[in-house]
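Read off the chains here:
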Amino acid sequence: MPTVEVAERAGVGLDGKVRPSEDVVAVLPNAVVLLDGATSLRPELPSGGWYASRLAGQLTGRLTGYPDADLADLLAASIRALARETGLTPGDSPSSTVAVLRWNASTVEGLVLADSPIVAVTDDGPQVLADDRIASLPRPGSYRERLRDGAGYGDDHLAALRTSATAVGRLRNTDGGFWVAEADPDAAYEARRASWPRAEVRQVLLASDGVSCGVDDYRIFPDWSAVLALATDRGADAVLDAVRQAEEADPHGTRWPRPKPHDDQALAVIDFTTD
């Protein structure tokens, strides 16, 4: 059986204060699930962490009960059941990314919905399974430009962020927009999928964007091989430390404009060489 190491750390809310992480990681005998609840700008809705924790419960129950079922079918059923139980409706619901890794004796398979990537490391190097549709969307509100110009975090930043989030939210779970777990079960069938022969897989990483930003945005890691090397040498927490230290060196978001000074961080490292 592979070994699994998990590292998690809370970021801050939009007010800059520490609050419980909205990332969720669940480890099963044959699967790992990582969800990143979206920070809500609508106080009347439940939080993204509330949604992610409940969706994780729905999904892990189905992964356990139906170990051979299609991953998208399991995710769709989980989204549908959660919406029914809680009265959530499409377009008026908290949301979460989803990354699922599952394995059996012959195959390792992954599913990614929104920006929580899976990276399978084989003899040919890292194979990245990512959903980058949200990253390519326009961001009205100019909050990134404000930060680059040195305006910093505060009430004006929050207002610009709300403008951006409202515009991007209209593209949620729509063709030409981006797809995420929310209250529409059909979103599950828009997920990115991949599979690998188990004999070829050495390690697999699952990360929330509070960690993957170290590769994709900050470039403090030249590639995912560097992330794995650090995790192998010093542990998964060292990867979180490196990302957080970079952010602390850019406290006002001028070098790396981002919604919050620190996002939640979650990283799971699955080592198949220990089988």
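Residues numbered from 1 in each chain as written. Predicted model: local features only at pLDDT ≥ 70, side-chain atom pairs only at ≥ 80, totals over all residues. Heavy atoms only, no water.

(A) Layout of the sheet that holds strand S5 (residues 107-113). Pairing within the open sheet is antiparallel, and its five strands lie in the order S2-S3-S4-S5-S8. Of all the strands in the sheet, just strand S2 (23-28) and strand S8 (192-197) have a single pairing partner and so form its edges. Across the sheet, the mean angle separating the axes of adjacent strands is 10 degrees when strand polarity is ignored. Relative to S5, helix H2 (residues 71-86) is tilted by about 40 degrees, and along the sheet it contacts strand S4 (98-103), S5 and S8. (Pairing = 2+ DSSP bridges. Helix = DSSP H or I, 4+ residues; strand = E, 2+ residues; numbered from the N terminus. Axes fitted to C-alpha atoms, helices over the stretch in contact; angles between N-to-C directions. Contact = heavy atoms within 4.5 Å.)

(B) The arrangement of unusual backbone geometry in detail. Positive phi outside glycine occurs at Ala114, with the angle close to 75 degrees. Assignment of secondary structure puts Ala114 in the loop between S5 and strand S6 (118-122). Of note, Arg219 is a non-glycine position whose phi angle comes to about 60 degrees, a positive value. Within the fold, Arg219 resides in the loop between helix H5 (209-216) and helix H6 (224-234). Arg219 sits in the exposed class, given a relative accessible area of 60%. (Buried < 20%, exposed > 50% of the residue type's maximum accessible area, 1.4 Å probe, protein only.)

(C) Representation of the pairing of S2 within the structure. Within S2, five of the six residues are buried, which leaves it mostly tucked inside the rest of the structure. Where S2 meets strand S3 (residues 31-36), six bridges bridge the pair, whose relative direction is antiparallel. Bridged to Val27 within S3 is Val32. Remark: two residues form the turn of the hairpin made by S2 and S3, two consecutive strands paired antiparallel.

(D) Inspection of the pattern of salt bridges at higher detail. A complete count under the given rule lists 14 salt bridges for this structure. The shortest N-O distance in the salt bridge between Glu182 and Arg172 comes to 3.0 Å. Linking Glu182 in the loop between helix H4 (155-169) and S8 with Arg172 in the loop between H4 and S8, this pair joins segments that are 10 residues apart in sequence. Since its relative accessible area comes to 3%, Glu182 is described here as buried. For the salt bridge of Asp250 with Arg258, the shortest nitrogen-to-oxygen distance reads 2.8 Å. When sorted by exposure, Asp250 lands in the same class as Arg258, which is buried. Among the charged side chains, a salt-bridge network with shared partners connects Arg9, Asp237 and Asp241. (Salt bridge = Lys/Arg side-chain N within 4 Å of Asp/Glu carboxyl O.)

(E) Focus on H5. Among the eight residues in H5, six count as buried, and that is most of the element. Elements that come into contact with the buried residues of H5 comprise strand S9 (201-207), H6, helix H7 (236-248) and strand S10 (265-271).

(F) Main features of the packing of helix H1 (residues 48-65) against H2. It is the contact of H1 with H2, at a shortest axis distance of 9 Å, that shows an interaxial angle of 130 degrees. What the angle tells us is that H1 and H2 run oblique. Here H1 runs over H2; the crossing is right-handed. From H1, Trp50, Tyr51, Arg54, Leu55, Gln58, Leu59, Arg62 and Leu63 reach across to H2, where they touch Leu71, Leu74, Leu75, Ala77, Ser78, Ile79, Ala81, Leu82, Glu85 and Thr86. Residues belonging to the contact of H1 with H2 are distributed by class as follows: 12 nonpolar, three polar and three charged. (Parallel < 35°, antiparallel > 145°, perpendicular 65-115°, else oblique. Left-handed = near helix turned anticlockwise from the far one by under 90°. Nonpolar A, V, L, I, M, F, W, Y, C, P; charged D, E, K, R; others polar.)

(G) A look at H7. With 13 residues, H7 should cover 18 Å at 1.5 Å per step; its first-to-last C-alpha distance of 19 Å lies within 8% of that length. Taken residue by residue, H7 has Ala236, Ala238, Val239, Leu240, Ala242, Val243, Arg244, Ala246 and Glu247 as its buried positions. (Expected span 1.5 Å × (residues − 1).)

(H) A look at the layout of surface pockets. Computed from the structure, the second largest pocket encloses a volume of approximately 200 Å³. Looking at the second largest pocket, it is lined by 15 residues, and the ones nearest its centre are Glu22, Thr39, Ser40, Ser47 and Gly48. Each residue belonging to the lining of the second largest pocket can be placed in one class, and the counts come to five nonpolar, five polar and five charged. (1 Å grid on protein atoms, 1.4 Å probe; cavity = no way out; pocket = protein on both sides within 12 Å on 5 of 7 lines; lining within 4 Å. Points joined across faces, edges and corners; volume = space filled by probe spheres on them.)

(I) Region of interest: the pairing of strand S7 (residues 125-129). Here S6 pairs with S7 via five bridges, running antiparallel. The residue of S7 that forms the bridge with Val119 is Val128. Between S6 and S7, which pair antiparallel and follow one another directly, the connecting turn spans two residues.

(J) Spotlight on the sheet that holds S9. One open sheet holds the five strands; their spatial order is S1-S10-S9-S6-S7, and the pairing between them is antiparallel. Edge positions in the open sheet fall to strand S1 (3-9) and S7, since each of these has one partner strand only. Neighbouring strand axes in the sheet, compared pairwise and without regard to direction, differ in orientation by 15 degrees on average. For S1 and S10, the ladder comprises seven bridges, and the chain directions are antiparallel.

Honestly, it's all geometry; don't read function into it.
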